[in-house]
Amino acid sequence: MASEQHYLVGLDLAGRRVVVVGGGSVAQRRLPRLVSSGARVEVVSLHVTPSVQAMVDAGEIVWHERPYTSGDLSGAWYAVACTSDPNVNAAVVADAERERIFCVRADAGTRGTAVTPAVGSHDGLLVGVLSGGQPRRSAAVRDGLLESLRVGGVAGETKPTGVALVGGGPGDAELITVRGRRLLGLADVVVADRLAPRELLDELGPHVTVVDAAKIPYGRAASQDAINATLIEHARAGRFVVRLKGGDPYVFGRGFEELAACVAAGVPVTVVPGVTSAFAAPGAAQVPVTHRGVTHEVVVVSGHVSPGAESSLVDWEALGRLRGTIVIMMGVERIAEFATVLMAGGRAADTPVAVVQEGTTRNQRSLVSRLDRVAEDVVAEGIRPPAVIVVGPVAGLAGELLAQPH
């Protein structure tokens, strides 16, 4: 293992000229962090990748569309040589040496005057790792450090206050967002829904109070007022509260009701969006909710009340006239009614329908049927809530793909 002798330092590049020679994949990886540092980045290269071009088009960097020439580093504070030509990279390093500009040589790190560490960020911390010319080891250690920080925090880290409404994702514990998982690791109290990823609760420390706010469909339910009161009570007592919900807090999750209650009570709220099961569950079952040339619209509908109910806010007749994708949440027990009203509105009886139960979890089950018989198939297959229903041509794409000769 090479001995690590570099002096690790943080450079303030804001407003300072940085020259990147080369516009390929290496530059594409290095440029975003340089731009986010506030540096005035100029790229010298005959060609750039489409992603680099997009940064040029957005005005984030300047591109000099030509080969590198001596003098391009004049006035720069930092340089990166990342072309595919070792001779050009060597020339850039030599020029930088004469100009007393620190320079990274991407193809041969030990021949430059600076090296790029494996870098990651966590809640205002910037973590950098060097390992004596072993970039894979640096990256592995960086990833391990960041994961530890995200799950367990760090000594001296300021604990958030108030309430965090965290979307836990569609069910698989690994599909919660990085920020959501980090805040969960800092919680004093967790108020969890039945559909929130259960495995995440097992990772909580013994000091964390877990409140079951399960809303079991058509059965025992914690009233929304009681949940709101619980969030406010614990937050006012100085505890950091995470309201852990399934999917996304604002997609049929009553998240805004909880936000409004906390704001009215003077409790600060952080909202962490989550991966909604409306799209993730079908995706896990190889059902895309959109597909080029097949659909130009996706409508997500709540199925918790019947189409003819006075409390229904859905124009089912209009949905029946659409040709794109309809995603119905909480609709398994009323699927026969929804199928009937959609066909009455104009949807063809043979419109493909996919039903995905407990998507992304080990209990995932799915079926593909058609609108005129999906209700019977759901009963025959024993499909039960929670499940997502997808109506439209996209529901049959996976079956068509599998039916093709290979």
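Everything below is about the structure printed above this text.
First, a word on scope: everything that follows refers to the structure included in this document. Keep in mind it's a predicted model, so treat the numbers as computed, not measured.

Description of helix α10 (residues 335–345)
And then number 1: All of the buried residues along α10 are Ile335, Phe338, Ala339, Leu342 and Gly345. Projected down its long axis, α10 carries its buried residues within an arc of 130°, all on one side. In this structure, α10 carries Thr340 and Ala344 as exposed residues pointing more than 90 degrees from its buried face.
And then number 2: In this fold, the buried residues of α10 make contact with α9 (316–321), β14 (325–329), β15 (352–357), α11 (374–381) and β17 (387–391).
And then number 3: In the segment just after α10, Gly346 is the residue with positive phi, at about 130°.

Details of the pairing of β17
And then number 1: With five of five residues buried, β17 lies mostly within the body of the structure.
And then number 2: Bridging between β14 and β17 involves four bridges; their strand directions are antiparallel. Residue pairing for β17: Ile326 is matched across the bridge by Val391.
And then number 3: Examined bridge by bridge, β15 and β17 share five bridges and lie antiparallel to one another. Opposite Val356, over in β17, you have Val388 as the bridge partner.

Some details on the side chain of Asp188
And then number 1: Tracing the sequence through the fold places Asp188 in the loop between α5 (178–186) and β9 (189–192).
And then number 2: A polar side-chain atom of Asp188 sits 2.8 Å from the main-chain amide nitrogen of Phe240.
And then number 3: Setting aside residues no more than four positions away along its own chain, Asp188 makes contact with Lys159, His207, Val208, Thr209, Gly238, Arg239 and Phe240.

Looking at the packing of helix α1 (residues 25–36) against helix α2 (residues 50–57)
And then number 1: Direction vectors running N to C along α1 and α2 enclose 25°, while the axes themselves pass 9 Å from each other. As summarised for this structure, α1 and α2 are arranged roughly parallel, according to the angle between their axes. When the axes of α1 and α2 are compared, the crossing they make is left-handed. Together, Gln28, Leu31, Pro32 and Val35 of α1 and Ser51, Val52 and Met55 of α2 make up the contact between the two elements.

Structural notes on α1
And then number 1: Looking only at α1, the buried set comprises Ala27, Leu31, Leu34 and Val35. The buried residues of α1 occupy one face: seen down the axis, they fall within an arc of 90°. In α1, the exposed positions that point more than 90 degrees away from the buried face belong to Arg29 and Ser36.
And then number 2: Buried-residue contacts for α1 involve β1 (17–21), β2 (40–44), α2 and β4 (78–81).
And then number 3: Positive phi appears at Gly38, one or two residues downstream of α1, with a value of about 90°.

Some words on the sheet that holds strand β11 (residues 241–245)
And then number 1: The sheet built from five strands is open, its strands ordered β10-β9-β11-β8-β12 with parallel pairing. Of all the strands in the sheet, the pair left with one neighbour each is β10 (209–212) and β12 (269–272). Adjacent strand axes in the sheet meet at a mean angle of 20°, parallel and antiparallel pairs treated alike.
And then number 2: Of the strand pairs in this sheet, β9 and β10 are connected by four bridges, and their pairing is parallel. The residue bridging Ala192 from the neighbouring strand is Asp212, located in β10.

Criteria and thresholds
- Residues numbered from 1 in each chain as written.
- Predicted model: local features only at pLDDT ≥ 70, side-chain atom pairs only at ≥ 80, totals over all residues.
- Heavy atoms only, no water.
- Buried < 20%, exposed > 50% of the residue type's maximum accessible area, 1.4 Å probe, protein only.
- Helix = DSSP H or I, 4+ residues; strand = E, 2+ residues; numbered from the N terminus.
- Arc of directions from axis to C-beta.
- Contact = heavy atoms within 4.5 Å.
- Pairing = 2+ DSSP bridges.
- Polar contact = N/O pair within 3.5 Å; in protein donor to acceptor, adjacent residues only side chain to side chain.
- Axes fitted to C-alpha atoms, helices over the stretch in contact; angles between N-to-C directions.
- Parallel < 35°, antiparallel > 145°, perpendicular 65-115°, else oblique.
- Left-handed = near helix turned anticlockwise from the far one by under 90°.

Functional significance is not addressed by these values, which are geometric in nature.
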